[in-house]
Amino acid sequence: RADIIGNTLTELPPAMPMEVPLGARDTVLFLSNLIPGKGHDDFLAVAATCLDAGVNAKFVLAGAASPSVAAEVNAVIAHSGWASEICYLGAVETQEKWGLLATARVFVFPSTYANEASPLVLLEAAACGVPIAAYPTGAFAPLLAKAGAAYVVEAGNRELLAGAIQEIFESPELGEHLGARAQALFAESFSYPAYATSWSRLLGRFGVQSNAQENPD
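Calculation notes
- Counting of residues starts from 1 at the beginning of each chain's written sequence and follows it residue by residue.
- For a predicted model such as this one, the threshold for reporting local features is a pLDDT of at least 70, and the threshold for listing and counting side-chain atom pairs is 80 or more; totals across whole chains, interfaces and linings nevertheless cover every residue.
- The basis for every side-chain value is the complete set of heavy atoms in the structure, and neither hydrogens nor water enter the calculation.
- The helix and strand labels rest on DSSP assignments: H or I over at least four residues marks a helix, E over at least two residues marks a strand, and numbering proceeds from the N terminus.
- Per-residue accessibility, obtained with a 1.4 Å probe over protein chains only, is compared with the maximum for each type, and a residue is labelled buried under 20%, exposed over 50%, and partly exposed between these values.
- We treat Lys and Arg as the positive residues and Asp and Glu as the negative residues; His and chain ends play no part in the count.
- Each reported salt bridge corresponds to a side-chain nitrogen of Lys or Arg within 4 Å of a carboxyl oxygen of Asp or Glu.
- For this analysis, a polar contact is any N or O atom pair within 3.5 Å, provided that within protein one partner can donate a hydrogen and the other can accept it, and provided that sequence-adjacent residues contribute only side-chain to side-chain pairs.

Chemist: Any chance you could explain the side chain of Arg-25 here in plain terms?
Modeler: With respect to the helices and strands, Arg-25 occurs in the segment before β1 (27-31). Buried within the structure, Arg-25 lacks any salt-bridge partner; Glu-176 is the closest side chain of opposite charge, at an N-O distance of 7.7 Å. At a separation of 3.2 Å, a polar atom in the side chain of Arg-25 contacts the main-chain carbonyl oxygen of Ala-102. In terms of polar contacts, Arg-25 uses its side chain to reach the backbone carbonyl oxygen of Ala-104, at 2.9 Å.

See the structure below:
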């Protein structure tokens, strides 16, 4: 018998008043280190496609990058024709990250990274109830898709990814549904209480008492 215990977050988003309803937000967010396979190049291409199609949005990239990659990203943005609608913030601190997630209309994760497992940034977006559009890379995105909690498209298909973003913008109800389902899935299966319960159940079968119920903070 094999038991699989999912990843979790030891740091939860701060309680923030929902000053801007999901349907009234205009930010499409990419948050990851800018390394090969993580999808920042796909995000930039999809941003231009969506803007060309009339999506009224601000496309924001955040994450650490080498000086050469940062220069390449800024050059692509400058020559995209949408330099005022696409921006790269560089690396962000924890509080800024939560602030970005709290104001995002869509979180985009177009990773094809070979060693992707259960990326924390997807858990963070789900915990915040942000609609997710992603490629099915790693373990978590397919689970979101199976639960109807994300818009997951064929890996590398930028056209489908752009279409997913457009559909979420055109249908506030879809965005609300995806965000609520993602948040519920996180609470049920990936929150720290769910993680602690899974470990306690597993260790209990061997007569070992777990202290995982303690608050991680």
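Chemist: Would you mind showing me how to read the pattern of salt bridges here?
Modeler: This model, assessed by the stated rule, comprises 3 salt bridges. Here Lys-38 and Glu-116 are joined by a salt bridge, their closest N and O atoms 2.9 Å apart. Of this pair, Lys-38 sits in the loop between β1 and α1 (40-52) while Glu-116 sits in the loop between β4 (104-109) and α4 (120-127), and the two are 78 residues apart along the sequence. Judged by relative accessible area, Glu-116 falls into the buried class, the value being 12%. The salt bridge involving Lys-97 is made with Glu-124; its shortest N-O contact spans 2.9 Å. Remark: Glu-124 occurs in helix α4 and Lys-97 occurs in helix α3 (residues 94-102); sequence separation between them is 27 residues. Like Lys-97, the residue Glu-124 is buried in the burial classification.

This is a description of form; function is not addressed.
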